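Overview (structure and organization)
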Amino acid sequence: MLVVVAFIGCFTLVVPVSAASGSTLLLRGNHHHQSSKRRTRRRTQGRIIGGQPASPTRYTYFTSLRRSTSNSHYCGGSLIAPTIVLTAAHCGNTGSLPNVVIGRTDLTDTTSGEMISALQEVIHPLSAKVVLSDGVTQGAAPNYDFMILELSRPVSLPNIKYVKVNQSLGDAALSNKAVTVIGHGYTSTTNTQLSNVLMEVELTVISNEQCRLSVPLDNSPWSMYGDMVSDQMMC
């Protein structure tokens, strides 16, 4: 059974779980890890870096969210029902509802699959920036980063495998498990453009505690997780 548990920004985390239950969890922390005493130094092996092109028929539930004005891709999502897409809350409130493309794994492809307009977006009511341990400062990471998009009509493509969303699978149950991340991400640390082709990469889940103790790679707020990692996230 393929179960989507999370999003890294616009990426989708897929976990092969035989008996999964629970609400979806946010993934924040997208690198392989290497333990060193109590700290973890993360290697730049996430954000689809080190990955490979995904098979066009493997992730049929993957969707591309397109701006209605320019048709440019800005977020990914997963079909959980014929008219429902699960994506990240920070992909909402863009000023207009997106068009959703299903059945394409190349952003330059203009003919495959189908495009359906979104009817409404429902953002998690607790979605907000993480409040840090001082109780005042907001971190860079969004908390409860979940959003549902309702499509204006059902998907008509055949052979779509809709995602089954888990019920209560915490990070402890997934620690040290292999997962697959898919999306149109940067393919190197120096790239400034997204990959046109849908990519996939296998990662290993680490505990939230390891994530909080990870050694920063630079001074970017995304590299220093610390107390930005909440119980609604996984690494």
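The following refers to the structure shown. Every chain is numbered independently, its residues counted from 1 as its sequence is written. Reporting of local features is limited, given that this is a predicted model, to residues whose pLDDT is at least 70; pairs of side-chain atoms are given and counted only at 80 or more, and all residues count toward the totals for whole chains, interfaces and linings. Here the side-chain values reflect all heavy atoms present in the structure, with hydrogen atoms and water set aside.

To continue, consider the side chain of His-73. Think of it this way: any DSSP run of H or I at least four residues long counts as a helix, any run of E at least two long counts as a strand, and we number them from the N terminus. Tracing the sequence through the fold places His-73 in strand β8 (residues 73-81). Each residue's exposure class comes from its accessible area (1.4 Å probe, protein chains only) as a fraction of the maximum for that residue type: buried when under 20%, exposed when over 50%, partly exposed otherwise. The class for His-73 is buried, based on a relative accessible area of 16%. Within 3.5 Å is the distance limit for a polar contact, defined as a pair of N or O atoms, with the added protein rule that one can donate a hydrogen and the other accept it, and that residues adjacent in sequence qualify only through two side-chain atoms. A polar atom in the side chain of His-73 sits 2.6 Å from the side chain of Ser-64. Only heavy atoms matter for contacts: two residues are in contact if any of them lie within 4.5 Å across the pair. Excluding residues that lie within four positions of it along the chain, His-73 makes contacts with Ser-64, Leu-65, Arg-66, Leu-107, His-184 and Leu-194.

This part takes up the sheet that holds β8. DSSP bridges decide pairing: two strands pair if at least two such bridges lie between them. Read around the barrel, 6 strands follow the order β7-β8-β9-β14-β11-β10 and close on themselves; strand pairing throughout is antiparallel. Adjacent strand axes in the sheet meet at a mean angle of 40 degrees, parallel and antiparallel pairs treated alike. Axes here refer to lines fitted to C-alpha atoms; in helices the fit is confined to the stretch in contact. Angles between the N-to-C directions go from 0 to 180 degrees.

Turning next to the environment of Ser-117. In this structure, Ser-117 sits in strand β11 (residues 114-123). In contact with Ser-117, other than residues within four places in its own chain, are Pro-98, Asn-99, Leu-151 and Ser-152. Polar contacts involving the side chain of Ser-117 include one to the side chain of Ser-152, which spans 2.9 Å.

This part covers the state of the cysteines. Sulfur atoms of two cysteines make up a disulfide when they are within 2.5 Å. The tally for this structure, following the rule as stated, stands at 2 disulfides. The partner cysteine of Cys-75 in its disulfide is Cys-91, sulfur to sulfur 2.0 Å. The sign of the S-S torsion, about -80 degrees, decides the handedness of the disulfide formed by Cys-75 and Cys-91: left-handed. On the criterion of sequence distance, the pair formed by Cys-75 in strand β8 and Cys-91 in the loop between β9 (84-87) and β10 (99-102) is long-range, its members being 16 residues apart. For the pair Cys-75 and Cys-91, a shared accessibility class is recorded, and that class is buried. A sulfur-sulfur distance of 2.1 Å marks the disulfide that ties Cys-211 to Cys-235. The chirality of the disulfide connecting Cys-211 with Cys-235 is left-handed, given an S-S dihedral of about -85 degrees. Of this pair, Cys-211 sits in helix α2 (residues 208-212) while Cys-235 sits in the segment after β17 (233-234), and the two are 24 residues apart along the sequence. For the residue pair Cys-211 and Cys-235, the accessibility class agrees, reading buried in each case. Numbered by position along the chain, the disulfide-linked cysteines of the chain connect as 1-2, 3-4.

Oppositely charged side chains are able to pair whenever their charged atoms sit close together. Here, a salt bridge means any side-chain nitrogen of Lys or Arg that lies within 4 Å of a carboxyl oxygen of Asp or Glu. With the rule as written, the count across this model stands at 4 salt bridges. As a salt-bridge pair, Glu-114 and Arg-153 come within 3.0 Å of each other at their nearest N and O atoms. One end of the pair, Glu-114, is in strand β11; the other, Arg-153, is in the loop between β14 (147-151) and α1 (171-174), with 39 residues separating them in the sequence. Looking at Glu-114, the relative accessible area reads 8%, which means it is buried. Overall, Arg-153 belongs to the partly exposed group, its relative accessible area being 34%. Ionic pairing is found between Glu-209 and Arg-212, a salt bridge with its closest N-O pair at 3.8 Å. Placement of the pair is Glu-209 and Arg-212 together in helix α2, with a separation of 3 residues, close to one helical turn.

Purely geometric stuff here, so don't read any function into it on its own.
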